[in-house]
Amino acid sequence: MNKTISLTRYLVEKQRVGGHIPPELRLLIEVVARACKRISISINKGALGGVLGSADTENVQGEVQKKLDIIANEVLIEANEWGGHLAAMASEEMDGIYAVPNRFPQGEYLLMFDPLDGSSNIDVNVSIGTIFSVLRKQNDDPETVEPVCEQDFLQPGKQQVAAGYCVYGPQTTLVLTVGDGVAMFTLDREQGSWVLTQDQVRIPEDTREFAINMSNMRHWDAPVRRYIDECLQGKDGPRGKDFNMRWIASMVADVHRILTRGGIFMYPWDKREPHKPGKLRLMYEANPMGWLVEQAGGAATNGRQRILDLHPTQLHERVSVILGSRNEVERVTAYHREAAADGTSAA
Ligand code: P6P
């Protein structure tokens with residue numbers, strides 16, 4: 001019988017060997033994983049479950065919410081609020097933070113999530129995902145009984161204690177880091193359990209594959225144009241090799257491909273809404289994905305700085321994202337710095 005390692009065993013060993021995670025954090029991750037299992041069941045029903053289509057409401061981002069956005073958000077709230085490991089939660093789908101109700105014990109952790117990222121793909125049966133990030137409440141001084149507030153969440157991504165995503169695709173796969181590498185767990189639907197299928201994931205430092213929404217090309221800043229133009233020139237151009245392009249319009253699916261075979265993902269600042277630093281959200285998209293990518297040997301910047309070093313000022317703030325194979329991310333970041341130095345950057 002082949003030895004399979006469950007998520008529970010993986011987490012117990014991370015707790016026992018090297019003390020990477022305390023028991024409460026192990027519990028929190030297992031609860032999130034169980035919630036993702038429930039979300040996958042709703043998604044897999046599709047039209048049969050009456051869960052497709054719009055909910056005819058808007059989220060804090062002003063985006064139309066899909067029924068499954070709301071279902072996934074509710075599943076995560078209900079699964080996590082009573083366990084005693086959390087002080088509060090924050091979600092792309094909620095304006096403010098969700099403090100754990102007083103009827104439940106309060107914990108020291110803060111959980112942030114995009115409950116269903118890529119939801120424009122729901123109705124066309126393309127992979128989507130749940131992204132989550134865990135921070136520790138900083139001023140956890142038992143003497144101060146300050147109620148948890150949004151300010152507690154505003155920590156740089158390098159403070160994360162756990163991060164991951166669940167991609168709902170041909171397989172349902174949970175990808176996780178607690179700061180000791182990246183592991184992938186595939187859902188065994190017959191057993192209802194998460195089984196370790198890849199550990200110590202490594203992203204190749206070089207790639208021939210870029211992911212960006214090319215329809216925005218005319219709006220890009222100079223360094224992004226320069227990088228993509230060079231890729232498009234192929235083996236006769238300055239890069240000396242041909243490139244391929246992928247854009248699934250589901251960050252979880254694009255990042256999963258990059259963790260699996262390398263690549264560079266870019267959602268940069270552009271001239272369409274120059275006052276916004278980018279489209280993607282720092283706290284529950286760029287930070288968790290950035291940590292996963294770094295833990296797998298890749299890099300993640302906003303074009304100028306390491307994403308995990310950025311100090312957030314708002315819960316839902318956006319950021320320019322360039323992540324993936326280290327040598328490519330470093331090249332694009334160098335182009336941004338050169339453009340800033342020679343005045344050709346419009347950002
Ligand atoms: P566009 C999904 O809405 C999302 O937030 C990411 O998952 C994805 O990478 C991006 O937006 C797609 O944006 O402008 O190409 O539709």
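Residue numbers here run from 1 along each chain, matching the order of that chain's written sequence. Local features are withheld for residues below a pLDDT of 70 in this predicted model, meaning they are given only at 70 or higher, and side-chain atom pairs are given and counted only at 80 or more; totals for whole chains, interfaces and linings count all residues. Side-chain metrics in this entry use all non-hydrogen atoms of the structure; hydrogen atoms and water are not considered.

Enquirer: How should I be thinking about the domain arrangement of the protein chain in this particular structure?
Expert: Often, the extent of an interface is quoted as the loss of accessible area upon association of its parts. Domain borders in the structure are assigned automatically or taken from a domain database. According to the domain assignment, the protein chain contains domain 1 (7-198) and domain 2 (209-342). A straight line from the C-alpha centre of domain 1 to that of domain 2 covers 24 Å. Between domain 1 and domain 2, the residue contacts involve 50 residues of the former and 32 residues of the latter. Once two parts are put together, the accessible area they lose, assessed with a 1.4 Å probe and summed over both, is termed the buried area. Roughly 3,000 Å² is buried in total at the junction of domain 1 and domain 2, and carbon and sulfur atoms are behind 64% of that figure. The three residues of domain 1 that bury the most area against domain 2 are Ile 131, Leu 154 and Tyr 165, which together make up 18% of that side's buried surface. Note on contacts: a residue pair qualifies if any of its non-hydrogen atoms lie within 4.5 Å across the two residues.

Enquirer: Looking at this structure, how should I read the environment of His 316?
Expert: Residue placement: His 316 occurs in the loop between strand E15 (299-301) and strand E16 (318-319). Residue exposure (1.4 Å probe, protein chains only): buried if accessible area is under 20% of the type maximum, exposed if over 50%, otherwise partly exposed. Judged by its relative accessible area of 14%, His 316 is buried. Separated by 221 residues in sequence, His 316 and Asp 95 have C-alpha atoms that sit 8.4 Å apart. Discounting chain neighbours no more than four positions away, the residues touching His 316 are Val 60, Gln 61, Ser 91, Glu 92, Met 94, Asp 95, Arg 281 and Tyr 284. A distance of 3.0 Å separates a polar atom in the side chain of His 316 from the backbone oxygen of Met 94. Pairs of N or O atoms are called polar contacts if they sit within 3.5 Å, as long as, within protein, a hydrogen donor faces a hydrogen acceptor (for residues adjacent in sequence, only side-chain-to-side-chain pairs). Within the structure, the side chain of His 316 is placed 3.0 Å from the backbone oxygen of Asp 95, a separation counted as a polar contact. Helix numbering and strand numbering both begin at the N terminus, where a helix is a DSSP run of H or I of at least 4 residues and a strand a DSSP run of E of at least 2.

Enquirer: What am I meant to see in the packing of aromatic side chains here?
Expert: In this description, an aromatic ring pair is defined by two values, namely the gap between the centres and the angle between the planes. The criterion for an aromatic pair is that two Phe, Tyr or Trp rings (for Trp, the six-membered ring) have centres within 6.5 Å, with stacked assigned to planes under 30 degrees apart, edge-to-face to planes over 60 apart and tilted to the rest. If you walk through the whole model with that rule in mind, you get 3 aromatic pairs. Seen from their ring centres, Tyr 10 and Phe 185 are 5.0 Å apart, and the 80 degrees between their planes marks the pair as edge-to-face. Placement of Tyr 10 in helix H1 (residues 7-16) and of Phe 185 in strand E9 (residues 182-188) is noted, with a sequence separation of 175 residues between them. On the basis of relative accessibility, which here comes to 5%, the residue Tyr 10 falls in the buried class. A ring pair is formed by Trp 247 and Tyr 267, whose centres lie 5.9 Å apart and whose planes are at 50 degrees; its orientation type is tilted. In this pair, Trp 247 sits in the loop between strand E12 (244-245) and helix H6 (251-261) while Tyr 267 sits in strand E13 (residues 264-267), placing the two residues 20 residues apart along the sequence. A residue is classified by how much of its surface remains accessible, and Trp 247, at 22% relative accessible area, is partly exposed.

Enquirer: Teacher, can you tell me more about the nonpolar core here?
Expert: Burial of nonpolar side chains together is a common tendency in soluble globular proteins. Here, nonpolar core refers to any group of buried Ala, Val, Leu, Ile, Met, Phe, Trp, Tyr and Cys residues whose side-chain atoms link them within 4.5 Å. Ranked by size, the top nonpolar core spans 47 residues in total, and within it Leu 25, Leu 111, Leu 116, Val 134, Phe 185 and Trp 194 carry the most contacts. Element by element, the count of residues in this core is highest for helix H2 (residues 23-45), at 10 residues. With near-sequence residues (within four places) excluded, Leu 116 lies in contact with Ile 39, Ile 43, Leu 68, Asp 69, Ala 72, Ile 122, Ile 128, Gly 129, Thr 130 and Tyr 168.

Enquirer: Please clarify how the sheet that holds strand E11 (residues 209-211) should be interpreted in this entry.
Expert: Neighbouring strands of a sheet are bound in pairs by backbone hydrogen bonds; such pairs are parallel or else antiparallel. At least two DSSP bridges between two strands are needed for those strands to be called paired. One open sheet holds the 5 strands; their spatial order is E12-E11-E13-E17-E15, and the pairing between them is mixed. Each edge of the open sheet carries a strand with a single partner, namely E12 and E15. In the sheet, E11 pairs with E13 via 2 bridges, with the strands oriented parallel. Across the sheet, residue Phe 210 finds its bridge partner in E13, namely Ile 264. Orientation is described by lines fitted to C-alpha atoms, with helices fitted over the stretch in contact, and by angles between N-to-C directions that extend from 0 to 180 degrees. Along the sheet, helix H8 (residues 326-342) contacts E13, E15 and strand E17 (321-324); its crossing angle with E17, the most-contacted strand, is approximately 150 degrees.

Enquirer: Quick question: what am I supposed to make of the site of the ligand here?
Expert: Nearness of a residue to a molecule or strand requires only that one of the residue's heavy atoms be within 4 Å of it. Taken together, Asp 117, Gly 118, Asn 213, Trp 247, Ala 249, Ser 250, Met 251, Phe 265, Tyr 267, Lys 279, Leu 280 and Glu 285 make up the full set of residues adjacent to the ligand. Here an oxygen atom of the ligand sits 2.7 Å away from a polar atom, N or O, in the side chain of Asp 117. Side-chain polar atom of Trp 247 to an oxygen atom of the ligand: 2.9 Å apart, as the coordinates give it. Accessibility throughout is a Shrake-Rupley quantity obtained with a 1.4 Å probe, and a residue counts as covered only by protein chains that appear here. Protein chains bury 83% of the 400 Å² of accessible surface belonging to the ligand in isolation. Residues are sorted three ways: Asp, Glu, Lys and Arg are charged, Ala, Val, Leu, Ile, Met, Phe, Trp, Tyr, Cys and Pro are nonpolar, and all the rest, Gly among them, are polar. Residue classes in the shell around the ligand are distributed as 6 nonpolar, 3 polar and 3 charged.

Enquirer: What's the story with unusual backbone geometry in this structure? I'm lost.
Expert: With the exception of glycine, the majority of residues adopt a negative phi angle, and the majority of peptide bonds are in the trans configuration. Phi at Asp 56 takes a positive value of approximately 60 degrees, unusual for a residue other than glycine. One can find Asp 56 in strand E1 (residues 54-58). Positive phi is not limited to glycine here, since Ala 249 has a value of about 60 degrees. Along the polypeptide, Ala 249 turns up in the loop between E12 and H6. Taking the relative accessible area as the measure of exposure, Ala 249 reaches 38% and is therefore partly exposed.

Enquirer: Would you take a moment to explain the side chain of Thr 177 for this structure?
Expert: In this fold, Thr 177 is placed in strand E8 (residues 172-177). In this structure the side chain of Thr 177 is engaged in a polar contact, spanning 3.0 Å, whose partner is the backbone nitrogen of Gly 179. A polar contact is formed between the side chain of Thr 177 and the backbone oxygen of Gly 181, at a distance of 2.7 Å. In contact with Thr 177, not counting residues within four places along its chain, are Ala 162, Ala 163, Val 182, Trp 291, Leu 292 and Gln 295.

Enquirer: I would appreciate a short explanation of the pairing of E13 in the present structure.
Expert: Every other side chain in a regular strand lies on the same face of the sheet, so the side chains alternate between the two faces. Side chains Ile 264 and Met 266 of E13 all project onto a buried face; the interleaved residues Phe 265 and Tyr 267 project onto the opposite face, where all are buried too. Inspection of the sheet shows E13 paired to E17 by 4 bridges, in the antiparallel sense. Counted as the bridge partner of Tyr 267 is Val 321 from E17.

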